[in-house]
Amino acid sequence: MKRLTSLLATALLVLAMACTALADRSVPLAYSSPEPQGTATLAMADTTSKDQLYAQRMGLDTFDDEAEYANSADSSVNDPLEGWNRFWFSFNDSLYIDVLKPLHKGYSAVTPWELRAGVSNFFHNLLFPVRFVSAILQGKLADASVESARFIVNTTAGFGGLMNPAEDKKPLIKVSGDEEDLGQTFGAWGMGEGLYIVWPLLGPSSLRDSAGMVGDSFLNPVSYITPWHSSLGVKGYGEFNDMDQRITQYEELKKSAIEPYLAIRNAYIQSRRARVAK
Amino acid sequence: MIGFLSGIRGIARALVLCLVLTLCASAAQAAPSAAQDALKKSLDTVFSTLNDPQYKDEANREELLNRIETVVQSIFDYTEFSARTVGRKWHKFTPDQQHRFASAFADLIRATYIERVKGYSGNGVTYVGERRSTKGDKVEIQTLLDYQGKSVPVDYRMLQKDTWVIYDVIVEGVSLVKNYRTQFQELLNDDENADSLIARVKARAEEVRTQSGKTD
């Protein structure tokens with residue numbers, strides 16, 4: 001017993017150290033590609049090594065501006081199914097704007113916001129296994145422990161997850177602050193996103209993230225409700241309850257875009273890549 | 001029982017060590033830079049204008065937007081932003097086209113993003129960190145924006161001209177410049193020239209304006 005617990009303590013310590021080492025993954029390239037024509041007339045402050053030393057001395061992270069905005073470094077997306085994708089994109093677009101948005105408006109009119117917030121919290125709390133397992137699989141033990149603490153507090157003091165009393169409690173340990181899922185886990189393991197695909201109803205995804213979604217649904221307790229159509233109904237309701245925020249976000253991005261399909265595709269890929277890197 | 005207790009002690013020791021490590025890490029963080037000061041000054045003005053009771057009135061909305069736009073113009077470099085969104089082909093634009101493109105873009109940003117802040121009610125921003133470019137000439141200020149009860153990560157990329165100016169905004173990992181860039185690249189590949197691109201940006205701003213006019 002004694003040996004076991006001290007072993008456990010040592011393992012915890014080692015993993016805590018490993019955690020900080022793993023966090024270094026997000027440090028960007030130190031290589032600056034020369035970019036003679038692309039940024040030639042843009043303001044080029046003289047590059048003194050003094051500044052760089054300053055950054056190093058102050059322990060600041062760095063980002064490689066020139067490589068990131070270089071012409072070659074375009075966030076290329078593999079989109080061989082563009083025809084299919086564009087079809088479902090416009091299908092989803094009218095579904096969100098013409099059907100779900102007015103439906104949700106009616107739903108918000110007849111339900112108090114306390115109920116909607118409670119439902120939202122409840123489903124979010126229920127998805128704890130997805131976040132926990134994904135964090136563990138990526139070796140993010142701090143994230144996993146904070147998720148567990150939140151789950152325990154919200155399930156007990158928050159009446160089974162209906163309320164979110166852990167929301168404004170800041171964790172003492174440093175966590176990435178973004179919610180993990182299996183798609184990100186596969187990405188963290190080095191898997192590329194594969195091709196870009198737009199699903200009917202579900203929206204933008206990639207091959208990797210679609211596989212992640214299938215795995216996530218195995219970790220979602222709602223999947224185990226029988227019969228299958230009740231399970232689907234409950235899941236659908238959970239999604240619908242939160243729909244307004246998703247639609248607003250989508251509409252705003254679409255509004256500011258010159259070419260909405262490309263804008264949404266790029267936003268999806270960029271945000272997933274950022275979350276994998278976190 | 002004794003074994004259990006010493007195990008607890010072991011865990012406690014591990015935790016203390018972790019805590020010390022995190023404390024050391026946060027102590028290494030730098031004092032706010034000139035870039036952050038400039039950004040903070042502008043954002044503070046925006047939020048205090050938004051909270052100003054005299055602009056709560058619907059009638060003063062246009063004036064509110066104008067005031068915010070003035071602040072944004074002083075810190076956001078539309079030319080740098082436009083140049084990056086167009087990329088290599090920017091140098092094939094004539095100076096006149098470059099100028100018209102930047103102002104069309106400024107108009108679109110006003111119609112979409114600046115228009116959006118008018119209903120903002122939140123606790124503003126917290127500054128969480130900053131990064132320097134590898135060459136040391138540019139800075140990324142990392143903030144969290146309190147928006148509809150959530151904290152949204154918003155990073156501002158800045159460079160120094162006469163003053164520090166923003167050339168890209170990264171919301172939840174999505175860079176605005178890169179997002180427009182993929183759109184423009186495809187459009188410019190499709191044999192569109194500068195003038196038709198400018199026309200498209202202008203048309204878009206116009207469209208958004210009539211749309212939001214309808215819903216208001």
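Overview of the structure.

About the thresholds
Residues numbered from 1 in each chain as written. Chains lettered and ligands numbered in written order. Predicted model: local features only at pLDDT ≥ 70, side-chain atom pairs only at ≥ 80, totals over all residues. Heavy atoms only, no water. Helix = DSSP H or I, 4+ residues; strand = E, 2+ residues; numbered from the N terminus. Buried < 20%, exposed > 50% of the residue type's maximum accessible area, 1.4 Å probe, protein only. Contact = heavy atoms within 4.5 Å. Patch = residues over 30% accessible without salt bridge, like charges linked within 9 Å, V, L, I, M, F, W, Y side chains within 5 Å. Areas by Shrake-Rupley, 256 points an atom, 1.4 Å probe, with all protein chains shown as cover. Salt bridge = Lys/Arg side-chain N within 4 Å of Asp/Glu carboxyl O. Core = buried A, V, L, I, M, F, W, Y, C linked by side-chain atoms within 4.5 Å. 1 Å grid on protein atoms, 1.4 Å probe; cavity = no way out; pocket = protein on both sides within 12 Å on 5 of 7 lines; lining within 4 Å. Points joined across faces, edges and corners; volume = space filled by probe spheres on them.

1. Considerations on the overall build of chain B
Looking only at helices and strands, one finds seven helices and five strands in chain B. In chain B, the succession of helices and strands from N to C terminus is α-α-α-α-α-β-β-β-β-β-α-α. Looking at the 216 residues of chain B, the share that counts as buried comes to 46%. A separation of at least 24 residues holds for 51% of the contacts in chain B among residues at least 6 apart in sequence.

2. Brief notes about a nonpolar patch on the surface
Residue and element names in this part refer to chain A. A cluster of nonpolar side chains, contributed by F122, F159, L162 and M163, occupies part of the molecular surface with about 410 Å² of accessible area. Within the secondary structure, F122 is located in helix α5 (residues 113-126). Using a relative accessible area of 31% as the deciding quantity, one classes F122 as partly exposed.

3. Examining the nonpolar core
Ranked by size, the top nonpolar core spans 56 residues in total, and within it F101(B), M158(B) and F184(B) carry the most contacts. Among the elements that line this core, the one with the most residues is helix α5 (residues 95-117) of chain B, at seven residues. When sequence neighbours within four positions are dropped, the list of residues in contact with M158(B) reads A35(B), L39(B), I75(B), K138(B), V139(B), I141(B), W164(B), V165(B), I166(B) and Y167(B). Core analysis: the second largest hydrophobic core is formed by 17 residues, W88(A), F89(A), F240(A) and I269(A) among them.

4. Looking at the layout of surface pockets
Taking a probe equal in size to a water molecule and rolling it over the atoms shows the remaining empty space. If you add up the space inside the second largest pocket, you get close to 190 Å³. In this structure, the second largest pocket is lined by S145(A), V146(A), A149(A), R150(A), V153(A), P165(A), A166(A), K169(A), K170(A), P171(A), L172(A) and I173(A).

Take it as geometry only, folks, not as evidence of what the structure does.
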